[in-house]
Amino acid sequence: MAFVLQNFKAKHMKTNTKVFSLVTVTLCSIFYIIGLYQHTSTPFQSTTTTTKTIHKCSVSSPNSTDSTNTQFPASPVLDFSTHHSLDHQPNTQIAKQAFPICDAELSEYTPCEDLQRSLKYPRERLEYRERHCPEKSELLRCRVAAPYGYRGVFAWPLSRDFAWYANAPHKHLTVEKAGQNWIKFEGDRFRFPGGGTMFPNGADAYIDEIGKLVDLGGGEIRTAIDTGCGVASWGAYLLSRNILTMSFAPKDSHEAQVQFALERGVPALIGVIATKRLPYPSRAFDMAHCSRCLIPWAQHEGQYLVEIDRILRPGGYWILSGPPINGRNHWKGWERTIEDLQAEQSSIESVAKSLCWKKIKEKNDIAVWQKPTNHIHCKVNRKVFKSPQFCKAQDPDNAWYVKLETCITPLPDAYNIKETAGGKLAKWPRRLTATPPRIASGSLEGITEEIFKKDTQLWRKRVAYYKSLSSQLEEKGRYRNLLDMNAYLGGFAAAIVDDPSWVMNIVPPEAKINTLGVVYERGLIGTYQNWCEAMSTYPRTYDLLHGDSVFSLYQDRCEMEDILLEMDRILRPEGTVILRDDVDILLKVKSITDGLKWESRITDHEDSPHNREKILFAVKLYWTAPAPDPDKPLTN
């Protein structure tokens, strides 16, 4: 019986094996026929019609074209490009735009500081020298040309002392300031000896004198502002002492002074203290400086000193040299009387005392005052000083087209006379990564210490990724003047702080949270800027522009091409642009940058190619205005 069962099982297994083999052969044949059908022309198609079928996993070339007699390829053409799909496919059919070149006479066009437009505004209190931007109908939609002969700037630190004449062809200062060592013309270049009106022997020696009155080397002073900066030699020489200076001066008081500063690789903006707040947050600067800046500090109820008080951090310093300081020794050269200068100094002393500033020292041509670390005593002595009173119901960091006030900006509450209002800042360089007081105190809604630390780490990672994609970013000295168009907490600038460069950190007024105060508390500098308007700077100011979600922020606020034309204006020939944004937005951006004659490419996000956020790298090509007509008389 057992033998019969064993024989039955053996026959049954043999039968199953035959059936399995038959089924396998049949299925293979069917799939082979299907595959052959899909990869060869079908006899059921008309010979006059071509039907194209796209397969997501096809190995055929995506650029190949169909014919009526398609042949199955002997070997497949491999396509190594990414084929991931997003939930929403981008629209790649975007019309490209072309932009004409502006007239060569507009090579230094600064739209919001246009001389002809400024003459429409009152000269009283220099209002006409403030920002006055063109209306939308007045915008020039053309590319500003570099002057003929334009050359790449000298690398830092050589640029501190030299600039090409062709880049800023203005000799006026070489004559007007010949005896003060501002600038010298030598062949095809300018040389900057480092002098100034009050320091003809050089900025270094002048800074040494300040250093005898204020500790410049201990790390407590990191950010400074220079009002009426000239060619910014004071700020240029402070850089070697790890002090970062925001220098500003009006456009037309001395031709091209801010332009020279930027050619030298020194931070600067076109600006004037007149009727509106300076575009910086409260408690921003460790030190403010005026060297014969000719600002009437005591006039208009001391309003200009009140504004300096707003932007000075608790315990910050104000330094004044030039009229009226040491008037007894300079009154003849200044063409003023001793009595007049004494009266002016007395008025300044009175305003400073009403702001509760303490005069630290006056030595030779330099006087130094210090702002209190809190307002405990200052609020008490309002019974003595009836004016100025403390401001009420105002945002001290709101400084975009905000009128100056004659009231003191109150410091955050303090409960001990030795306490630093708002929180004491760490010394540089620890200040860069220490949690900023504005965040530690919880005064910025939604931004915590943990968010700050993660943002710092995130930008280190992102900058490392940028450098892996562009070898030029790894070149020390390749970029000097950088601009971050939407800086948030200053993470991008912090990540490259060891490079021989500086970053102008922009916080747009349209940003959800005003974080520019945090940027300054980290020991970095920046300004407010609405990108629907032109920036207060000359053309060809920056070597690299970086923007995180800028075009998402300004979507439906203004035209994309106007922002990109402004970027083109302030970017140097062969300068670089890095933009992060949604893929659809960057595709539109790229269509415009192609019209601007930028070389550009879009790359994947650092975390995943499936991320909708992409990165656009672009380079502005080198080109200049044509050679001047030899028959046309030169204006300079």
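Fair warning: this is a prediction, and the values are worked out from it, not measured in the lab.

Looking at this structure, how should I read the packing of aromatic side chains?
Two aromatic rings, taken as a pair, are described by how far apart their centres are and by the angle between their planes. In total, this model carries 17 aromatic pairs according to the counting rule given. Relative to Tyr 520, the ring of Phe 285 has its centre 4.9 Å away and its plane inclined at 70°; by these criteria the two rings are edge-to-face. Taken together, the residues Phe 285 in strand β7 (residues 285-291) and Tyr 520 in helix α14 (residues 516-521) connect sequence positions 235 residues apart. Exposure class is identical for Phe 285 and Tyr 520. Each is buried. Against the face of Trp 156 rests Arg 480, its NZ or CZ located 3.7 Å from the ring centre.

Honestly, the sheet that holds strand β1 (residues 162-164) in this entry has me stumped. Any pointers?
Two modes of strand pairing occur in sheets, parallel and antiparallel, and in both the strands are linked by backbone hydrogen bonds. A sheet is described by the order of its strands in space; here 3 strands give the open sequence β1-β3-β2, paired in antiparallel fashion. Of all the strands in the sheet, the pair left with one neighbour each is β1 and β2 (184-186). Strand-to-strand twist of the sheet, defined as the mean angle between neighbouring strand axes without regard to direction, takes the value 30°.

Is there a simple way to explain the sheet that holds strand β8 (residues 312-321) in this structure?
Here we have 7 strands laid out as an open sheet, ordered β6-β5-β4-β7-β8-β10-β9, and mixed in their pairing. Where the open sheet ends on each side, the last strands, each with one partner, are β6 (268-270) and β9 (358-363). In this sheet, neighbouring strand axes are inclined to one another by 20° on average, regardless of whether the strands run parallel or antiparallel. Of the pairings in the sheet, the one linking β7 to β8 comprises 6 bridges and is parallel in character. Along β8, the bridge assignment pairs Cys 290 with Leu 320.

Looking at this model, I keep getting lost on the state of the cysteines. Mind explaining?
The final tally for this structure, using the stated rule, is 6 disulfides. Shown here is the disulfide that connects Cys 112 with Cys 133, its sulfur atoms set 2.0 Å apart. For the disulfide bridge between Cys 112 and Cys 133, the dihedral angle about the S-S bond is near 110°, and by the sign convention the bridge is right-handed. Of this pair, Cys 112 sits in the loop between α1 (2-39) and α2 (115-118) while Cys 133 is found in the loop between α2 and β1, placing the two residues 21 residues apart along the sequence. Residue Cys 112 shares its accessibility class with Cys 133, and that shared class is buried. Each disulfide pairs two cysteine sulfurs, and for Cys 532 the partner residue is Cys 558, the sulfurs being separated by 2.2 Å. Given an S-S torsion of about -85°, the disulfide between Cys 532 and Cys 558 has left-handed geometry. Of this pair, Cys 532 sits in the loop between β13 (525-528) and β14 (542-548) while Cys 558 sits in the loop between α15 (550-553) and α16 (560-570), placing them 26 residues apart in sequence. Cysteine pairing in the protein chain follows 1-4, 2-3, 5-6, 7-8, 9-10, 11-12, where each cysteine in a disulfide is numbered by its order in the sequence.

What is the right way to read helix α4 (residues 203-211) from this model?
Because each turn of an α-helix spans 3.6 residues, side chains separated by three or four positions end up pointing in the same direction. Three or more residues of α4 are buried, namely Ala 203, Tyr 206, Ile 207 and Ile 210. Projection of α4 onto a plane perpendicular to its axis shows the buried side chains occupying an angular sector of 100°, all on one side.

Please explain unusual backbone geometry as it appears in this structure.
Across the chain, the bulk of peptide bonds are trans and the bulk of non-glycine residues have phi less than zero. The omega torsion across Trp 156 and Pro 157 is 10°, close enough to zero to call that bond cis. In this structure, Pro 157 sits in the loop between α2 and β1. Note the cis peptide between Trp 428 and Pro 429, where omega equals 10°. Tracing the backbone through its elements, the reader meets Pro 429 in the loop between α10 (376-380) and α11 (437-440). Unusually for a residue other than glycine, Ala 232 sits at a positive phi of about 65°.

I keep staring at the pairing of β9 and nothing clicks. Help me out?
If a strand is regular, its side chains alternate between the two faces of the sheet. When β9 meets strand β10 (residues 366-370), the two strands line up antiparallel, connected through 5 bridges. By the bridge assignment, Glu 362 is partnered in β10 with Ala 367. Linking β9 to β10, which pair antiparallel, is a turn of 2 residues; within it Asn 364 sits at a positive phi near 55°.

Could you clarify how one ought to interpret the side chain of Asp 286 in this entry?
In this fold, Asp 286 is placed in strand β7. Asp 286 gets classed as buried once you look at its relative accessible area, which sits at 0%. Within the structure, the side chain of Asp 286 is placed 2.7 Å from the backbone nitrogen of Arg 222, a separation counted as a polar contact. Of the polar contacts made by the side chain of Asp 286, one reaches the side chain of Arg 431; its length is 3.0 Å. When near neighbours in sequence (up to four residues on either side) are disregarded, Asp 286 contacts Glu 220, Ile 221, Arg 222, Thr 223, Leu 312, Arg 313, Gly 316, Tyr 317, Leu 425 and Arg 431.

How should I be thinking about the nonpolar core in this particular structure?
One recurring pattern in soluble globular proteins: nonpolar side chains tend to sit buried together. In terms of nonpolar packing, the biggest core is built from 128 residues, with Tyr 280, Trp 297, Trp 318, Trp 531, Phe 551 and Met 567 touching the most fellow members. Once residues lying within four places of it in the same chain are set aside, the contact partners of Phe 551 are Met 560, Ile 563, Leu 564, Met 567, Leu 579, Asp 581, Ile 585 and Val 589. Ala 163, Phe 190, Phe 192 and Val 231 belong to the second-largest nonpolar core, a separate cluster that totals 11 residues.

Where do I start with α16 in this structure?
Counting buried residues along α16, 11 of its 11 residues qualify, which places the element largely inside the surrounding structure. The inward-facing, buried residues of α16 contact β14, α15, β15 (571-582), α17 (583-595), β16 (598-603) and β17 (613-620).

What should I look at first to understand the pattern of salt bridges in this one?
Close approach of charged atoms lets side chains of opposite charge pair. Per the stated rule, a full pass over the model turns up 40 salt bridges. The partner of Arg 612 in a salt bridge is Asp 582, and the shortest N-O contact between them spans 2.9 Å. In this pair, Arg 612 sits in the loop between β16 and β17 while Asp 582 sits in strand β15, placing the two residues 30 residues apart along the sequence. With relative accessibility at 23%, the residue Arg 612 sits in the partly exposed group. Its relative accessible area of 24% is what places Asp 582 among the partly exposed residues. Among the charged side chains, a network of salt bridges with common partners joins Arg 462, Asp 548, Arg 580, Glu 606 and Glu 613.

What counts as what
Residues numbered from 1 in each chain as written. Predicted model: local features only at pLDDT ≥ 70, side-chain atom pairs only at ≥ 80, totals over all residues. Heavy atoms only, no water. Phe/Tyr/Trp six-rings, centres within 6.5 Å; stacked < 30°, edge-to-face > 60°. Helix = DSSP H or I, 4+ residues; strand = E, 2+ residues; numbered from the N terminus. Buried < 20%, exposed > 50% of the residue type's maximum accessible area, 1.4 Å probe, protein only. Lys NZ or Arg CZ within 6 Å of the ring centre and 35° of its normal. Pairing = 2+ DSSP bridges. Axes fitted to C-alpha atoms, helices over the stretch in contact; angles between N-to-C directions. Disulfide = S-S within 2.5 Å. Arc of directions from axis to C-beta. Polar contact = N/O pair within 3.5 Å; in protein donor to acceptor, adjacent residues only side chain to side chain. Contact = heavy atoms within 4.5 Å. Core = buried A, V, L, I, M, F, W, Y, C linked by side-chain atoms within 4.5 Å. Salt bridge = Lys/Arg side-chain N within 4 Å of Asp/Glu carboxyl O.

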